[in-house]
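# Per-entry structural report
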Amino acid sequence: MDGSPTRDQVTGNGERAVVAKRVDSGSVNTTEIRNLARAAGYEVVAEVTQTRKEDPATHVGEGKAETLAATVAREDATVVVFDNQLGPYQTYNLGNVLPEGVRLIDRFRLILEIFGQRARTRKAQLQVELAELRYELPRAEAKASLARRDERPGFMGLGEYDESREEDIKAQISRIRDELDRIEETEQHRREQRRESGFDLVALAGYTNAGKSTLLRRLAADVNVDENEDVHPDLDTTAESEDRLFTTLGTTTRKAEMDQRDVLVTDTVGFISDLPHWLVESFKSTLDSVYRADLVLLVVDVSEPIEEIREKLVTSHDTLYERNEAPIVTVLNKTDRVDDAELREKR
Ligand SMILES: Nc1nc2c(ncn2[C@@H]2O[C@H](COP(=O)(O)OP(=O)(O)OP(=O)(O)O)[C@@H](O)[C@H]2O)c(=O)[nH]1
Ligand SMILES: [Mg+2]
């Protein structure tokens, strides 16, 4: 039930999903989790929300869990997407309430599914794999320690107790880390070469769907990829834009048209709120192109409500905070969607 999907398992695919979300207080906003579910390929057919403190057994209250099950049955849904993080015990209990065969995933599993679908390069695939293993490790540890305590195999149907699984995960994590380290070294070397040949390195960062890839195409000159292949193996003729979360997963670097200086602009994966530390860490190789740039352009979608802009800026700065070495300049994007008065206010 809580098992990792295999690498080539296709998720989403128009499956009918019910979105669920609990908050401690205030009103519940499901816009982002719905967009994430859609980005993963699910059709969101209903939502179940609750404002109350977390129930240790079923996350939402017992009655709400029943409502959720009834909604899933009524809508003929096959997936429940929780915006909250679910513990292994809660996953197990909710699984018992839901109709047979319904999959239950949380926000992080969902983001991992999206990343898994978008991962094209070796580096992106390794990073997704690393994040999945890090997601699984504490769950394997919990299973093992509970099984040890109870001196019985298996923990309440959570699967066969197998201590070697834990060791296995740790070994895989360290193997992937080594490979990613080597990739990082190569990329660091490439950045140094580029600086030596006179390029300033500018990185586009910002919340997912802010318009980074669109801006890259605006800034970038046409580059003959073949001609530059040796020097710039990560040059790409396209940087896809779409009104969808996490369109971009890998990095794309292009030469920008500037009067005075030679600039290389890099587009990369977007930020999102409530990401656990291990997930951000897993994408360190990709985020390094931001952290190690000469200048970071932090792209903001100015057409959104001011509160949302503020929250997304906080998330972006949090993500950059620990590692970023470059100065940050905030860029207000999508200005065509607001009038002058609104723009002045948001500035
Ligand atoms: N109106 C308007 N729309 C824009 C502008 N810039 C981007 N968009 C739209 O916003 C959506 C997201 O743009 P992307 O460039 O894909 O955004 P991104 O930041 O690269 O998103 P991810 O790769 O998903 O993190 C697309 O539908 C774009 O067409 C702008 O200046 N004005
Ligand atoms: Mg993009």
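Refer to the structure printed above.
Everything numeric in this text was worked out from a predicted model, so none of it was measured. (Residues numbered from 1 in each chain as written. Chains lettered and ligands numbered in written order. Predicted model: local features only at pLDDT ≥ 70, side-chain atom pairs only at ≥ 80, totals over all residues. Heavy atoms only, no water.)

In this section: the site of ligand 1. Taken together, 20 residues sit near ligand 1, with K212, T214, T247, T248 and D336 positioned nearest. One of the backbone nitrogen or oxygen atoms of A210 is found 3.2 Å away from an oxygen atom of ligand 1. At 3.2 Å from an oxygen atom of ligand 1 is found a main-chain nitrogen or oxygen belonging to D243. Coverage of ligand 1 by the protein amounts to 82% of the 660 Å² it exposes when considered alone. Ranked by residues supplied to the shell around ligand 1, first place goes to helix α7 (residues 212-219) with three residues. A breakdown of the residues in the shell around ligand 1 according to their chemical character gives three nonpolar, ten polar and seven charged. (Near = heavy atom within 4 Å. Polar contact = N/O pair within 3.5 Å; in protein donor to acceptor, adjacent residues only side chain to side chain. Areas by Shrake-Rupley, 256 points an atom, 1.4 Å probe, with all protein chains shown as cover. Helix = DSSP H or I, 4+ residues; strand = E, 2+ residues; numbered from the N terminus. Nonpolar A, V, L, I, M, F, W, Y, C, P; charged D, E, K, R; others polar.)

Now for the pairing of strand β3 (residues 79-82). Where a strand is regular, its side chains alternate between the two sheet faces. The side-chain alternation of β3 yields two buried faces, one formed by V79 and V81 and the other by V80 and F82. The pairing of strand β1 (residues 16-23) with β3 spans four bridges and is parallel. Counted as the bridge partner of V18 is V80 from β3. Sheet topology places β3 next to strand β4 (residues 103-106); four bridges connect them, and they run parallel. Within β4, the residue paired with V80 across the bridge is L104. In this view, the connection linking β3 to its parallel neighbour β4 by way of helix α3 (residues 88-97) has right-handed handedness. (Buried < 20%, exposed > 50% of the residue type's maximum accessible area, 1.4 Å probe, protein only. Pairing = 2+ DSSP bridges. Right-handed = clockwise from strand over helix to strand, strands pointing away.)

This part takes up the pattern of salt bridges. As enumerated under the stated definition, the model contains 27 salt bridges in all. A salt bridge links R22 to E54; its shortest N-O distance comes to 3.8 Å. One end of the pair, R22, is in strand β1; the other, E54, is in the loop between β2 (43-51) and α2 (62-75), and 32 residues separate them in sequence. Taking the shortest distance from any N to any O, the salt bridge between E32 and R107 comes out at 2.7 Å. With E32 in helix α1 (residues 31-39) and R107 in helix α4 (residues 107-118), this residue pair connects regions lying 75 residues apart in the sequence. Classification of R107 as buried rests on a relative accessible area of 2%. Connected through salt bridges with shared partners, the residues K21, E32, D83 and R107 form a single ionic network. (Salt bridge = Lys/Arg side-chain N within 4 Å of Asp/Glu carboxyl O.)

Sheets are built from strands paired through backbone hydrogen bonds, the pairs being either parallel or antiparallel. If you trace the five strands from one edge of the open sheet to the other, you get β6-β7-β5-β8-β9, paired in mixed fashion. Both edges of this open sheet fall to β6 (252-256) and β9 (328-333), since each of them pairs with a single strand only. Mean inter-strand twist for the sheet, computed between neighbouring axes without regard to direction, equals 30 degrees. Inspection of the sheet shows strand β5 (residues 199-206) paired to strand β8 (residues 295-301) by five bridges, in the parallel sense. If you follow A203 over to β8, its bridge partner there is V296. In the packing of helix α11 (residues 306-321) onto the sheet, the strands contacted are β5, β8 and β9, and the crossing angle to β8 comes to about 155 degrees. (Axes fitted to C-alpha atoms, helices over the stretch in contact; angles between N-to-C directions. Contact = heavy atoms within 4.5 Å.)

Protein coordination at the magnesium ion (ligand 2) comes from S213 (OG) and T248 (OG1), with a distance range of 1.9 to 2.2 Å. Of this pair, S213 sits in helix α7 while T248 sits in the loop between α8 (225-228) and β6, and the two are 35 residues apart along the sequence. Residues S213 and T248 agree in their burial class; the two are buried. (Donors = N, O, S within 2.8 Å, 3.2 Å for Na, K, Ca; no water.)

Taking strand neighbours across the sheet as the criterion, the four strands line up as β2-β1-β3-β4 in an open arrangement whose pairing is parallel. Strands at the two margins of the open sheet, each flanked by one partner only, are β2 and β4. Strand-to-strand twist across the sheet, computed as the mean angle between neighbouring axes with direction ignored, equals 20 degrees. Those strands touched by α1 are β1, β2 and β3, and its axis lies near 150 degrees from that of β2. The sheet contacts of α2 involve β1, β2 and β3, and relative to β2 the element is tilted by about 165 degrees.

A few words on the environment of S316. Mapped onto the secondary structure, S316 falls in helix α11. Taking the C-alpha atoms as reference points, S316 and V300, separated by 16 residues in sequence, lie 9.7 Å from one another. Those residues within four positions of S316 in sequence are excluded, and the remaining contacts are G206, Y207, F271 and L298.

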